[in-house]
Amino acid sequence: MQGACMSRGVTLSALALTLALLSVLACGGARREASVPGPATPTSPTSNVLTATCRSMNVGAGTMDVITGLSFALRVITFRVDESTEVVIRGERAELVDLGPGRVVRIQYRRTPQGNLADRIEEVWTPPK
Amino acid sequence: MSRLAETAGAAALLAGLVGTMGCYGTPAAGNPLDGLTGDQRDRFKQGRVVFNQAFTPKTGLGPLFNGTGCASCHKEPVPGGDGSFTQLNASVLHPNGFCDPLADRGGPVFQLSVTPALKAALGIDAEPIPPGAARGKRTTPDIFGFGLLDAVPESTILAFADPNDADRDGISGRVNRFFDGRVGRFGRKALTPTLAEFTEGAFHFEQGVTVPNFLSEGTVGGRPIPPGVDPLPEPEVSAELVGHTDAYVRTLAPAKPKDLDGTAKRGQQIFSKIGCAKCHVPNLRTGDHPIQALANREFPAYTDLLLHDMGPELADICQGLVATPSEFRTEPLMALRLARRYLHDGRASSIEQAVQLHGGEGARSRDAFRALSGSDRKALLKFLSAL
């Protein structure tokens, strides 16, 4: 049975290879279209809200790094935090130092010439203990 | 189109044809779900072309990558199946419990290949992993039926969770969470919340191809990509092609289990009796879905999509906001009979060995398996081999 299947497979493989080669020749245009990357699109207007995970805080420098991304494609984004930034934990005003790595925060921010400036940072999830 | 792409396309077409003809005994593997509309089937076919496509540096590959296309890894016995490639992940678990995915150093997936231009610029063959990081190997999973897993309501997963083992059965499932706090379900540690993200993200972290929802090419181990190494504008693949690929993966049918004979049916009962079904939940039900073929459908998933502690022997890396090194998501057993390597890192070469290597929350069922009579054990393995 296995031998018959293999024999049939060899015959069919030859047929399939022929078909595949013909299809490459005949459909080259269509397949080329699929293989060429799409045209570059302008960067979307940046949202001023990001939900991400605190990675580290540098209180002295007034910055906070967060982790964000798409599935396993991740990156770190740095936000500036100044005296006008509102930090909220469990509905109450807090300080940057009260946040910690691994906590999920919702950041309202603005793009400035000096980088992303956080207007409000609200903790929305804390890791289980 | 490059020769590489043409060759890969021909090989994929060949594999698809041979697979469809039944030599692998997989009537459904690689085919679309039953009940799709004509338009949905067209999108499946369009997506299959992209899935089988091989990228080159000129079309966006790299500069770091693991495979040249989806089907360069997901290829056995047909596109969408598993493969022999093993991915490398790394992370650092800090004493305060924070799991650093090394996102600033190129993590958590560290690519094992580089383009000729990057090699010429930096003299490396793979992305460097920071010293001291824990490493975890991940085999290529088959993706048959992933659209059904995606369509299971989150409330179902949350209802299975028992983080404190309140019912005292020795099984405590926990949900993992992505970096924005959403519940994860895809990946060996359930990091990724949705199939759409899993598919689009893979273009980036497996092929080095930038996508509309992740435009940054990233770094090479934390260092900027040298000028001129990857001059293509972002995104390197369009939203349209990502959409086609998503449609293909989403509507790829689960591999149909073999019909169970009397022995295998007895094995199915033993599967439940010794507690395997507490985590490998036999049937899940999808919720409402815009694709009718995915809506309100019960299917044999054999997973609860939760994290379980599998013991220190299997432990490797932490991942996401919750998963500790020893926690893994219950692996769906759909298409188990097509697998050639077992467990997250492929260390088991047979289903029986995989069962024997269960620890932690799986130890009780493993011990019950060991205590079975020879014929009962054979019956259970026959059942599993039919999935």
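Just so you know, the residues in each chain are numbered from 1, in the order the chain's sequence is written. Following the order in which they are written, the chains are lettered starting with A and the ligands numbered starting with 1. Where local features are concerned, this predicted model is filtered to residues with pLDDT of at least 70; where side-chain atom pairs are given and counted, the filter is 80 or more; whole-chain, interface and lining totals use all residues. The basis for the side-chain values is all heavy atoms of the structure; hydrogens and waters are excluded.

Moving on to the overall build of chain A. Secondary structure assignment for chain A yields two helices and seven strands. Working definition: with a 1.4 Å probe on protein chains only, accessible area under 20% of the residue-type maximum means buried, over 50% means exposed, and in between means partly exposed. Going through the 129 residues of chain A one by one, you find that 39% of them count as buried. Between two residues, a contact is recorded if the distance between any of their heavy atoms is within 4.5 Å. Counting contacts in chain A only where the partners sit at least 6 residues apart, residues at least 24 apart contribute 48% of the total. The method behind every accessible area is Shrake-Rupley, applied with a 1.4 Å probe, and residues are considered shielded solely by the protein chains displayed. Accessible area for chain A stands at about 7500 Å²; split by element, carbon and sulfur atoms hold 55% of it. Comment: elements are numbered from the N terminus, with helices defined as DSSP H or I runs of at least four residues and strands as E runs of at least two.

This part takes up the overall build of chain B. The helix and strand tally for chain B stands at 11 helices and nine strands. All radius of gyration figures rest on C-alpha atoms, and the globule criterion is 2.2 Å times the number of residues raised to 0.38. Relative to its length of 387 residues, chain B is compact, with a C-alpha radius of gyration of 21 Å against a globular reference of 21 Å. Reported as C-alpha extents along the three principal axes, the dimensions of chain B are approximately 65 × 55 × 35 Å. Within the span of chain B, comprising 387 residues, buried residues form 59% of the whole. Put simply, chain B shows about 15400 Å² of open surface, and 54% of that area lies on carbon and sulfur atoms. Within chain B, the 42 negative side-chain charges are centred at a point lying 6 Å from the centre of the 40 positive side-chain charges. Positive charges are assigned to Lys and Arg, negative charges to Asp and Glu, while His and the chain termini are left out of the count. By convention, charge coordinates are those of NZ in Lys, CZ in Arg, CG in Asp, or CD in Glu.

Let's shift gears to the pattern of salt bridges. It is possible for side chains of opposite charge to pair when their charged atoms get near one another. The term salt bridge refers to a side-chain nitrogen of Lys or Arg lying within 4 Å of a carboxyl oxygen of Asp or Glu. What the rule picks out here adds up to 24 salt bridges over all chains. The partner of Asp100(B) in a salt bridge is Arg55(A), and the shortest N-O contact between them spans 3.4 Å. Taken together, the positions of Asp100(B) in strand β3 (residues 99-100) and Arg55(A) in strand β1 (residues 49-58) put the pair across two chains. The pair Asp100(B) / Arg55(A) is uniform in exposure class, with both members buried. Across the pair Glu331(B) and Arg329(B) runs a salt bridge, and its minimum N-O distance is 3.1 Å. Residue classification places Glu331(B) among the partly exposed residues on the basis of a relative accessible area of 29%. Each member of the salt-bridge network shares a partner with another, and the members are Arg55(A), Asp100(B) and Asp104(B).

All names here are of chain B. Only a pair of cysteine sulfur atoms within 2.5 Å counts as a disulfide in this structure description. This model, assessed by the stated rule, comprises one disulfide over all chains. A disulfide bridge connects Cys-99 with Cys-318, and the sulfur atoms are separated by 2.1 Å. A torsion of 85 degrees about the S-S bond marks the disulfide between Cys-99 and Cys-318 as right-handed. One end of the pair, Cys-99, is in strand β3; the other, Cys-318, is in the loop between β8 (307-309) and β9 (327-329), and 219 residues separate them in sequence. We note that Cys-99, like Cys-318, is buried. With no disulfide partner, Cys-276 has as its closest neighbouring cysteine sulfur the one in Cys-279, 9.1 Å distant.

What follows is about the confidence of the model for chain A. All names here are of chain A. A residue's pLDDT is the predictor's confidence in that residue, given on a scale from 0 to 100. Within chain A, residue pLDDT values average 74, and 64% of them lie at 70 or more. Per-element confidence in chain A is highest for strand β2 (residues 63-70), whose mean pLDDT is 98, and lowest for helix α2 (residues 28-35), whose mean pLDDT is 30. Overall, residues 1-45 carries pLDDT values under 50, and its contacts beyond four positions in sequence, including any with other chains, amount to 42 contacts.

This part takes up unusual backbone geometry. Residues and elements named next belong to chain B. Between Glu-76 and Pro-77 the backbone carries a cis peptide bond, its omega angle lying at -5 degrees. With a phi angle near 55 degrees, Arg-168 is a residue other than glycine that sits in the positive phi range. Its place among the elements puts Arg-168 in the loop between α5 (154-160) and α6 (195-207). A positive phi is found at Ala-335, a non-glycine position, where the angle reads about 65 degrees.

This part is about the environment of Ser385(B). Residue and element names in this part refer to chain B. As for its position among the elements, Ser-385 is in helix α11 (residues 374-386). Accessibility expressed as a relative area gives 36% for Ser-385, which makes it partly exposed. In sequence terms Ser-385 and Ala-335 are 50 residues apart; their C-alpha atoms lie 9.0 Å from each other. Other than its neighbours up to four places away in sequence, Ser-385 contacts Arg-337 and Ile-351. Here a polar contact is recorded for every N or O atom pair within 3.5 Å, except that within protein the pair must consist of a potential hydrogen donor and a potential acceptor, and residues adjacent in sequence are included only if both atoms are side-chain atoms. A polar atom in the side chain of Ser-385 sits 2.7 Å from the backbone oxygen of Leu-381.

Residue and element names in this part refer to chain B. At least two bridges found by DSSP between two strands is the condition for calling them paired. In spatial order, the strands read β3-β2-β5; together these three strands make up an open sheet with antiparallel pairing. In the strand order of this sheet, the two ends are held by β3 and β5 (134-139), each with one partner. Pairing geometry for strand β2 (residues 86-93) and β3, over two bridges, is antiparallel. Within the sheet, the bridge partner assigned to Leu-93 lies in β3 and is Cys-99.

It is worth spelling out helix α10 (residues 363-371) of chain B at this point. All names here are of chain B. Restricting attention to buried positions, one finds in α10 the residues Ala-363, Ser-365, Arg-366 and Phe-369. Looking straight down α10, one finds that the buried residues subtend no more than 165 degrees of arc, so they occupy a single side. Residues of α10 that are exposed and angled more than 90 degrees away from the buried face: Arg-364 and Ala-371. Elements that come into contact with the buried residues of α10 comprise α9 (351-356) and α11. Comment: arc refers to directions from the helix axis out to C-beta atoms.

Residues and elements named next belong to chain B. Direction vectors running N to C along helix α8 (residues 262-273) and α11 enclose 95 degrees, while the axes themselves pass 7 Å from each other. Considering their axes alone, α8 and α11 lie roughly perpendicular with respect to each other. Within the contact between the two elements, α8 uses Thr-263, Ala-264, Arg-266, Gly-267, Gln-268, Ile-270 and Phe-271 and α11 uses Ser-375, Asp-376, Ala-379, Leu-380, Lys-382, Phe-383 and Leu-384. The residue makeup of the contact of α8 with α11, split by class, is seven nonpolar, four polar and three charged. To get an axis, fit a line to the C-alpha atoms, keeping to the stretch in contact for a helix; angles then go from 0 to 180 degrees between the N-to-C directions. Here is the rule for angles: anything less than 35 degrees is roughly parallel, anything more than 145 is roughly antiparallel, 65 through 115 is roughly perpendicular, and the remaining ranges are oblique. Only Asp, Glu, Lys and Arg are considered charged in this grouping, and only Ala, Val, Leu, Ile, Met, Phe, Trp, Tyr, Cys and Pro are considered nonpolar; every other residue, Gly among them, is considered polar.

All names here are of chain A. Pairing of strand β3 (residues 73-80) with strand β7 (residues 115-125) involves two bridges; the strand directions are parallel. Counterpart to Arg-80 in the pairing with β7 is Leu-117. Bridge count between strand β4 (residues 86-89) and β7: three bridges; the pairing is parallel. In the sheet register, Val-87 faces β7, and the bridge partner there is Ile-121. Bridge count between strand β6 (residues 104-112) and β7: nine bridges; the pairing is antiparallel. Within β7, the position partnered with Tyr-109 by the bridge is Ala-118. Here β6 hands over to β7 after two residues, the two strands then running antiparallel side by side.

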